[in-house]
Amino acid sequence: MVKNHWNDKEDNLNTGLEELVYRSNLLGQDRSVANWGGGNTSVKTTETDFKGDEVEVLWVKGSGSDLATMQAENFTALKLAEIRPLIEKEDMPDEEMTDYLSHCMLDRKHPRSSIETLLHAFLPYTHVDHTHPDAIISIACADNGKEVAEEIYGNRFVWVPYIRPGFKLSKLIAEGVKANPSAELVIMEKHGLVTWGDTSKESYDRTVAIIQEAERYIDDKAKNTELFGGMKYKSLPEEERKAVLKKVLPVIRGHVSEEKRMIVTNDSSQEVLTFVNSRGAEELSQIGAACPDHLVHTKRVPLYIDWEPESKDIDKLIESIEKGISSFKEEYIAYFERNKSEDDKMFEAVPRVILIPGIGMINTGKSASAANISESLYKRAVAVMGGATTLGNFVSLNESESFAIEYWPLELYKLSLSPPEAEFSRKVAFVTGGAGGIGSATCKRLLSEGAHVVVADINIEGARELAEEINSIYGANRALAVKMDVTKEEEVIDAIHEVVLEYGGVDIIVNNAGLASSSPFDETTMDQWNLNIGVLVTGYFLVAREAFKVMKHQDIGGNMVFVGSKNSIYAGKNAAAYSTAKAAEVHLARTIAADGGEFGIRVNSVLPDAVIRGSKIWDSNWKEERASSYGIGSDDLESHYRKRTILNVNILPEDIAESIAFLASSKAEKTTGCMITVDGGVAAAFTR
Ligand SMILES: NC(=O)C1=CN([C@@H]2O[C@H](COP(=O)(O)OP(=O)(O)OC[C@H]3O[C@@H](n4cnc5c(N)ncnc54)[C@H](O)[C@@H]3O)[C@@H](O)[C@H]2O)C=CC1
Ligand SMILES: CC(=O)C(C)=O
């Protein structure tokens, strides 16, 4: 049941914009009230314009923001005196409307106002809320919705038939409300709710109370109905579900990434499982979107895979997924061709939502957060279908109504506000030793060009710290911390699986975890030898092998960069174990390059030298041992290394990260099996 979260302590909020922000955030924080990015709110106030005159304005949500998180700067103030006369018009095309509204702005620095601005402007109330509550949309999307609304609200509601948002809908709402003096709410068929109040609190209280009335009615009816026609399948136990996902997610990722790579996430919440396992899911899921605001993120229909989970037949599941994605593509292209206008450009013809009985829901998107939005919106659709089928039959926008929303220039404008895609957008980079000096610089470098990064390290605290820092800057789910000792086969297998479960697969491996030991050759112990070979050779082999398997299953190529060392080709004194391991490492990279070519997997190495700043290797005995082998003090090492380079420079972790980024990028797409030195120029270590 939706709760009223209004806190009376907030009553001392300034009236106007401040209380609008507070109310909007309260409405948005409950996703069963307001969809991600959907809904809009407003307040009418008096402000001073640039001439110093007092003018009546409408503060309304700016396009592209989300009620849950929006702040004052996400609202737009428009001069009402210039907008109100528009109601006399018969119609107003979208472009003319947005152009007109842009001239009514109190301040040109404000964002473009919501598509639904006129709905707020034409209603004669100080505070107006337009939301998409599950319970109300259940009524709005039931074939008997109007009768149900009459039973619940009597004469307190206005029912507006489905019409795409814009001038006409706003006018219809205003006229409907004017014609019914008892109206407290408007139900927009197949769309949402409009409520209002004289104060911000009154508007919020009404919105919540009206939703609760609908919820109580639906709950009462639900006592006598079997949700979604009852259960057909049982969910697989958690471990089995994960085992299936590990196998199928890379295949799905490959198939949905043929045009543009997708991040693939999965969800097995109880509400989703109840739906996918039901008798009704297959048919219901193909009826259409539960709200126009979902369409851009979920597409009109999901891909439903008919699979019998108890059979545990994964090969059959993979076959059905492959066939399913391929027919989804064909149908999507046909839908686009049937409905397109001259300037429309087709989006990726791949499902954003895939439903699998026993397993749950799989979502795709250009980023983990985009996939999460489609997940969050489809959960709303599940709730709406549950409510609508409890009341009657679920109905949705028809094909042309759906297309008109999906390819509506005003919806596309919202999408255009997202940052442009960069070199590593849509890609997942797995950086071993990610918590260390070179590793963390590499994570940050790849992130700066759009990658999702996995900070994989034996030092999980360090990895978590970095992942948290990244997510606080770039937004949730851009980084994942994974604990893994590269020398332990099971841990490597589990770490790669964890990445598959998080993002659907992997595109870039940076094999970088490391340590170094130094000792005269005849004093080199078995422990030292095994440690260097274990981490730098066996560890790199295991990570590369497990990633290679995933890359092969994805079948969209891949990229590996090994962090070698000057010692990979230069036989430094007192470093037999380390240098031998580093030499083996780069040769391993070349052998994988030879094997990977046919699958589009490129493998290259970067050979640094003396990266003292930021490196934990140089906090260890290695520093003293190296200094003593050169007969100098450890504080003199940085200048010693600088002077021995041809370019007279010190090497920083960021320098190595830059070369790694280059080799992993499309700029190096025709390079494999190669080594790049990043050592300031050391003649003895020239590659040849
Ligand atoms: N710093 C330097 O001067 C040079 C470094 N390199 C190579 O660069 C790589 C990174 O080194 P730095 O960033 O300087 O060192 P670092 O010590 O700062 O980072 C290495 C990271 O690897 C992790 N690690 C160690 N053993 C592991 C294991 N068994 N499993 C998983 N993670 C493990 C550590 O926890 C650490 O976070 C290493 O492979 C090193 O050999 C190569 C040439 C020069
Ligand atoms: C740690 C290392 O590889 C060197 C050469 O500095």
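None of the values given here were measured: they were computed from a predicted structure.

Parameters at a glance
- Residues numbered from 1 in each chain as written.
- Chains lettered and ligands numbered in written order.
- Predicted model: local features only at pLDDT ≥ 70, side-chain atom pairs only at ≥ 80, totals over all residues.
- Heavy atoms only, no water.
- Domains from an automatic or database assignment.
- Contact = heavy atoms within 4.5 Å.
- Buried area = accessible area lost by both parts, 1.4 Å probe.
- Salt bridge = Lys/Arg side-chain N within 4 Å of Asp/Glu carboxyl O.
- Polar contact = N/O pair within 3.5 Å; in protein donor to acceptor, adjacent residues only side chain to side chain.
- Helix = DSSP H or I, 4+ residues; strand = E, 2+ residues; numbered from the N terminus.
- Nonpolar A, V, L, I, M, F, W, Y, C, P; charged D, E, K, R; others polar.
- Near = heavy atom within 4 Å.
- Areas by Shrake-Rupley, 256 points an atom, 1.4 Å probe, with all protein chains shown as cover.
- Axes fitted to C-alpha atoms, helices over the stretch in contact; angles between N-to-C directions.
- Parallel < 35°, antiparallel > 145°, perpendicular 65-115°, else oblique.
- Buried < 20%, exposed > 50% of the residue type's maximum accessible area, 1.4 Å probe, protein only.
- Arc of directions from axis to C-beta.
- UniProt positions renumbered as here; feature names shortened; annotations may be inferred.
- Patch = residues over 30% accessible without salt bridge, like charges linked within 9 Å, V, L, I, M, F, W, Y side chains within 5 Å.
- Pairing = 2+ DSSP bridges.
- pLDDT = per-residue confidence, 0-100.
- Lys, Arg positive; Asp, Glu negative; His and termini not counted.
- Charge placed at Lys NZ, Arg CZ, Asp CG, Glu CD.

A few points about the domain arrangement of the protein
No. 1: Once the domains are mapped, the protein shows domain 1 (16-222), domain 2 (238-416) and domain 3 (428-615 + 651-683).
No. 2: Placing the centre of domain 1 and that of domain 2 at their C-alpha centroids yields a distance of 29 Å.
No. 3: Each partner contributes residues to the interface: domain 1 has 33 residues there, and domain 2 has 31 residues.
No. 4: Between domain 1 and domain 2, the buried area comes to about 2800 Å², and carbon and sulfur atoms account for 65% of it.
No. 5: It is Trp 36, Ile 115 and Lys 190 in domain 1 that bury the most area against domain 2; as a group they hold 21% of the surface buried on that side.
No. 6: Linking domain 1 with domain 2 are two salt bridges, by the criterion used here.
No. 7: The closest approach of N and O atoms between Glu 401 and Lys 190, which form a salt bridge, is 3.4 Å.
No. 8: Counting across the domain 1 and domain 2 interface gives 11 residue pairs in polar contact (both at pLDDT 80 or more).
No. 9: Among the secondary structure elements, those contributing two or more residues to the side of domain 1 that touches domain 2 are α3 (94-103), α5 (134-140) and α8 (200-222).
No. 10: Of the residues assigned to the side of domain 1 that touches domain 2, the class counts are 13 nonpolar, 12 polar and eight charged.

A look at the site of ligand 2
No. 1: Lining the immediate environment of ligand 2, one finds Ser 565, Asn 567, Tyr 578, Asp 609, Ala 610, Trp 618 and Trp 622.
No. 2: At 2.9 Å from an oxygen atom of ligand 2 is found a side-chain nitrogen or oxygen belonging to Ser 565.
No. 3: In the environment of ligand 2, an oxygen atom lies 3.2 Å from a nitrogen or oxygen atom belonging to the backbone of Ala 610.
No. 4: Coverage of ligand 2 by the protein amounts to 91% of the 230 Å² it exposes when considered alone.
No. 5: For the shell around ligand 2, the class distribution of residues is four nonpolar, two polar and one charged.

Some remarks on the site of ligand 1
No. 1: Near ligand 1, the surroundings consist of 29 residues, among which Asp 457, Val 611, Ser 615, Lys 616 and Trp 618 are the closest.
No. 2: The contact in question runs from an oxygen atom of ligand 1 to an N or O atom on the backbone of Ile 438, over 2.8 Å.
No. 3: Contacts to ligand 1 include Asp 457, whose side-chain N or O atom sits 2.6 Å from an oxygen atom.
No. 4: Protein burial of ligand 1: of its 820 Å² of free accessible surface, 94% is covered by the chains.
No. 5: Elements that contribute at least two residues to the shell around ligand 1 include exactly α17 (437-448), α20 (526-554) and α21 (576-596).
No. 6: Along the lines of polarity and charge, the residues of the shell around ligand 1 split into 15 nonpolar, 10 polar and four charged.

Some details on the packing of helix α13 (residues 314-339) against helix α15 (residues 399-406)
No. 1: As a packed pair, α13 and α15 sit with axes 10 Å apart at the nearest point and diverge in direction by 90 degrees. In terms of orientation, α13 lies roughly perpendicular with respect to α15. In this structure, α13 contributes Tyr 332, Tyr 335, Phe 336, Arg 338 and Asn 339 to the contact, and α15 contributes Glu 399, Ser 400, Ser 402, Phe 403 and Glu 406.
No. 2: The residue makeup of the contact of α13 with α15, split by class, is four nonpolar, three polar and three charged.

Thoughts on α3
No. 1: Considered for burial, the residues of α3 that qualify are Asp 94, Met 97 and Leu 101. One face of α3 carries all of its buried residues, which in axial projection span an arc of 65 degrees. α3 presents Glu 95 and His 103 as exposed residues on the side facing more than 90 degrees away from its buried surface.

Re the UniProt feature "domain: Class II aldolase/adducin N-terminal" (unreviewed entry) in the protein
No. 1: If you check UniProt for "domain: Class II aldolase/adducin N-terminal" (unreviewed entry), the listed places come out as residues 19-218 in our numbering.
No. 2: Within the segment residues 19-218, helix and strand shares are 40% and 20% respectively, and the terminal C-alpha atoms sit 32 Å apart.

Quick word on a nonpolar patch on the surface
No. 1: Together, Ile 646, Leu 647, Val 649 and Phe 686 line one region of the surface with nonpolar side chains, adding up to about 390 Å² of accessible area.
No. 2: Within the fold, Phe 686 resides in the segment after β18 (675-678).

Regarding the pattern of salt bridges
No. 1: Applying the stated criterion across every chain, the model contains 39 salt bridges.
No. 2: In this structure, Asp 134 engages Arg 380 in a salt bridge whose closest nitrogen and oxygen atoms are separated by 2.5 Å. Note that Asp 134 is positioned in helix α5 and Arg 380 in helix α14 (residues 368-391), a separation of 246 residues in sequence. Like Arg 380, Asp 134 is buried.
No. 3: Put simply, Glu 489, Arg 545, Glu 546 and Lys 549 are held in one network by salt bridges that share partners.

Comments concerning the sheet that holds strand β7 (residues 192-197)
No. 1: Pairing is mixed across the open sheet formed by seven strands, whose spatial order is β3-β2-β1-β4-β7-β6-β5. Each edge of the open sheet is held by one strand with a lone partner, namely β3 (75-79) and β5 (157-160). Strand after strand, the sheet turns through a mean of 25 degrees between neighbouring axes, direction not considered.
No. 2: Bridging between strand β6 (residues 185-188) and β7 involves four bridges; their strand directions are antiparallel. Counted as the bridge partner of Ile 187 is Leu 193 from β7.
No. 3: The sheet contacts of helix α1 (residues 17-29) involve β1 (40-48), β2 (54-61), β3 and β4 (127-131), and relative to β1 the element is tilted by about 175 degrees.
No. 4: Contacts from helix α7 (residues 167-179) reach β5, β6 and β7, with the element oriented near 150 degrees to β5.

Brief notes about the confidence of the model for the protein
No. 1: Mean pLDDT over the protein works out to 96, with 100% of the residues at or above the 70 mark.
No. 2: Averaged pLDDT values over the elements of the protein bottom out at 79 in helix α16 (residues 409-416) and peak at 99 in strand β12 (residues 428-432).

Structural notes on a negative patch on the surface
No. 1: On the surface, a cluster of negative charge is contributed by Glu 282, Glu 283, Asp 306, Glu 308 and Glu 310.
No. 2: As for its placement among the helices and strands, Glu 283 is situated in helix α11 (residues 281-285).
No. 3: Of the residues examined, Glu 283 reaches a relative accessible area of 66% and is grouped as exposed.

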